[in-house]
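# Understanding the architecture of this molecule
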Amino acid sequence: MQLDAAQLASKEQFDRQSHNYGTSHILADTTDVVEALTGITGRRALDVATGGGHTAVALAKLGWDVTASDLSPAMLERTQELAAQRGVKVTTTLHPAEQLPYPDSAFDLVTCRVAAHHFTAPAAFVREVARILKPGGHFLLIDGTVPNDESVAADWIHAVEKLRDPSHGRFLSPSEWTQLCDSSDLAVERISLTPFKQPDLEWYFDTASTSPTNRNQVIELVRTAPQEARGVFRISNENGLIVWWWSRLSLLARRLAPPHAP
Ligand SMILES: C[S@@+](CC[C@H](N)C(=O)[O-])C[C@H]1O[C@@H](n2cnc3c(N)ncnc32)[C@H](O)[C@@H]1O
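Let us look at the structure shown here. Just so it is clear, the structure is predicted and the values come from calculations on it, not from any experiment.

## Quick notes on the overall build of the protein
- The secondary structure content of the protein amounts to 10 helices and eight strands.
- Its C-alpha atoms give the protein a radius of gyration of 18 Å, near enough to 18 Å, the size a compact globule of 262 residues would have.
- Across its three principal directions, the C-alpha atoms of the protein cover 60 × 45 × 35 Å.
- Every one of the 262 residues in the protein was classed for burial, and the buried ones make up 50%.
- Within the protein, counting contacts between residues at least 6 apart in sequence, those at least 24 apart form 76% of the total.
- Summed over all atoms, the accessible surface of the protein reaches about 12,000 Å², with 53% contributed by carbon and sulfur.
- When the 24 positive and 31 negative side-chain charges of the protein are each reduced to one mean point, those points stand 4 Å apart.

## Some details on the pairing of strand β8 (residues 241–255)
- Taking burial as the measure, the 15 residues of β8 include 11 buried ones, the bulk of the element.
- One ladder, built from 12 bridges, connects strand β6 (residues 186–198) with β8; its direction is antiparallel. By the bridge assignment, Lys197 is partnered in β8 with Trp245.
- Where strand β7 (residues 236–238) lies against β8, three bridges are found, and the strand directions are antiparallel. Bridge assignment links Asn237 to a residue of β8, and that residue is Ile242.
- Linking β7 to β8, which pair antiparallel, is a turn of two residues; within it Asn239 sits at a positive phi near 50°.

## Quick word on the packing of aromatic side chains
- Per the stated rule, a full pass over the model turns up 11 aromatic pairs.
- Ring geometry for Tyr102 and Phe107: centres 5.1 Å apart, planes at 90°, overall edge-to-face. By the burial criterion, Tyr102 is buried, and Phe107 matches it.
- Pairwise contacts between aromatic rings join Trp156, Phe171, Tyr204, Phe205, Phe233, Trp244 and Trp246 into one cluster.
- The ring of Trp245 carries Arg234 above its face, with NZ or CZ at 4.6 Å from the centroid.

Parameters at a glance
Residues numbered from 1 in each chain as written. Predicted model: local features only at pLDDT ≥ 70, side-chain atom pairs only at ≥ 80, totals over all residues. Heavy atoms only, no water. Helix = DSSP H or I, 4+ residues; strand = E, 2+ residues; numbered from the N terminus. Rg over C-alpha atoms; globule rule 2.2 N^0.38 Å. Buried < 20%, exposed > 50% of the residue type's maximum accessible area, 1.4 Å probe, protein only. Contact = heavy atoms within 4.5 Å. Areas by Shrake-Rupley, 256 points an atom, 1.4 Å probe, with all protein chains shown as cover. Lys, Arg positive; Asp, Glu negative; His and termini not counted. Charge placed at Lys NZ, Arg CZ, Asp CG, Glu CD. Pairing = 2+ DSSP bridges. Phe/Tyr/Trp six-rings, centres within 6.5 Å; stacked < 30°, edge-to-face > 60°. Lys NZ or Arg CZ within 6 Å of the ring centre and 35° of its normal.

Here you go:
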């Protein structure tokens, strides 16, 4: 598997951190996935950047025939452990999200949850998703986002997130995701933003094993945050804890049928 520098950084980060993504992780609650897929049917599903496998196992429990992929071998081991624990079958494959090693129209559903902000080339990822989806198949993307047209707040959160976890790439705005879908023949059917309160900065650091130096730099960035970032993320101090609100995007798109030849 040939990886670029950003993909290699993600692989190393998540190989190291895989033990943090077990059943006590916040991502173990897959209500968001199950709700977003209400009414969506099909047989074969691919979960990209599956991490600890929470989404993949939720899909298998819903009856999908699931392939779960990631670029971290340690994460795929966690996925297999979780599937065995829950008594479901999930096939795992090792590859980056930007190059999907499957034939055209191979899947009825592609999911990707809380991972795309690590990707080197989101546009290539979306093109690949469209290619491997059957016409009429669905793409569910769930990820952190920044509101449209809030460049100061976006720059601030990128600086914070890069210090917390150097494998971070970029949070795309809802309109950026919509444009990527539009240009790959994926018709956006539903899009929603859910606020999510970050309970405590220390918890946020611990999930990525942020170094003490980087923790101090983030605390300084919070102290000096511009008004725009304070407004968008509602940064506050609650009983000595630094808290703020993230926005989580849930986007469901349908693969359009190719136009008929004249
Ligand atoms: C937070 S975890 C994903 C959580 C998971 N999707 C869930 O629903 O529980 C992020 C995952 O993205 C993977 N990842 C990061 N960059 C990637 C890339 N370019 N291609 C494939 N996987 C990637 C990491 O290895 C990690 O396992």
